[in-house]
Amino acid sequence: MNSTDEYYDALFDDLFKYLYRYVIPVCYIVGNFGSVISGYIFSTKAWRKNVCVYYFNTCLVINLAALNSYLLTTILIAGYDVDLYNSNIIFCKLYYYTTFLFCALSPTMLILASIDRLLISSQNVNLRLYSSKRLAYFSVSLATVFCIIYFLHVLIKPEIVSVAPSITACTLSTDYGYLMFFAYSSLLVTSFFCINMIVLSILSIKNVRIIRAAPRQQQRQQLRTMNKKDFQLLRCLFVHDIVFIACNIFLNLYYVYIVVRFYGSMSTLERIFSNFLNSFLTMLQQLSFCTSFFIFVTVSKAFRHEFRRIAYKMIRKNSVIMREEEQIERINVEINIFNENGQRAQ
């Protein structure tokens, strides 16, 4: 390795080390806080009856699980050099399994939500009736069980290999055939998600335009038509789809490239830039789990109003408590002064 290679290697290592030590932890905290607040708002009476909100709540739970397994582990390893899974085969297998499981469940919930928005926006009354909590419970349960079973091979294949004397590393597999299968299957699954999101979004937009073009009197006479919150949730769903496509498709293309190019045959400089690309695209994928709250606040006016109401209520409650404490303290001071004056008079 020449001086140029060493410079870039050290530069990229330090860059991602400082990012995962100082910047990404802030995103991790904000992502957890935002998911909890969003779940609390969606659990209120005004929101929880909506079927799409159920899918979003499920997605928020998955985001929380991904943040506290996938992202937190990477922060500890890349930012603070805490070795969690390179020497423990159980942690190694669980890390890969939970990572790919949550990365697949999140877009699955978005697709189910897109199907629900397509049904509720349909001109056919019978199709609109399929947008129900019962179908949502069944769909989420079936999709979750399928993903758990499908990714069992990821729970079996990871292994710990020796990369240098007294240095071990957790790797997905050393079998080139399995890596080829995994890379192409991941790209196929992600492409399936992206294509479905795009198609369902286009069809939903088409239905929404028809609904808005119809007279208001006709809309009121329809059974289970869309309201303002439904339109806002639909826009939130569109933005979620865009974020998923932007943050995941390039990482899966990279997986295919790295397997086809064969990592072992690269030059030192190519390997350094390949590691940089892998770290950057992985970080981008991880940050996508932190975006839900910001999407809801930015896109949905009703969500913004509810968030402001809750924040104002908390601030007002705290200010009332502070005023009560100040009044009690003032009364105690007056009592003490009164007692001292009484003692002096005696």
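Residues numbered from 1 in each chain as written. Predicted model: local features only at pLDDT ≥ 70, side-chain atom pairs only at ≥ 80, totals over all residues. Heavy atoms only, no water.

Identification of the chain as G-protein coupled receptors family 1 profile domain-containing protein from Adineta ricciae is taken from an unreviewed UniProt entry. One UniProt comment on the chain, placed under Subcellular location (unreviewed entry), says "Membrane". (UniProt positions renumbered as here; feature names shortened; annotations may be inferred.)

K.L.:
Even after reading the chapter, I still don't get the state of the cysteines, so can you show me in this structure?
P.N.:
By definition, a disulfide is the covalent link that joins the sulfur atoms of two cysteine residues. Within this structure, the stated rule accounts for one disulfide. Paired through a disulfide, C92 and C170 show a sulfur-sulfur distance of 1.8 Å. Negative torsions about the S-S bond denote left-handed disulfides, and the value of about 75 degrees found for C92 with C170 makes this one right-handed. One end of the pair, C92, is in helix 4 (residues 89-120); the other, C170, is in strand 2 (residues 167-171), with 78 residues separating them in the sequence. With relative accessibility at 0%, the residue C92 sits in the buried group. With no disulfide of its own, C290 lies 5.8 Å from the sulfur of C27, the closest cysteine sulfur. The class of C290 is buried, set by a relative accessible area of 9%. (Disulfide = S-S within 2.5 Å. Helix = DSSP H or I, 4+ residues; strand = E, 2+ residues; numbered from the N terminus. Buried < 20%, exposed > 50% of the residue type's maximum accessible area, 1.4 Å probe, protein only.)

K.L.:
Is there a simple way to explain the nonpolar core in this structure?
P.N.:
Inside soluble globular proteins, nonpolar side chains tend to come together where they are buried. In this structure, F42, F56, L71, Y96, M109, F151 and V154 are the most contacted members of the largest nonpolar core, which totals 78 residues. Per-element accounting of this core gives the leading share, 16 residues, to helix 4. If we skip the residues at most four places from it in the chain, L71 touches Y20, I24, Y28, A66, Q286 and C290. (Core = buried A, V, L, I, M, F, W, Y, C linked by side-chain atoms within 4.5 Å. Contact = heavy atoms within 4.5 Å.)

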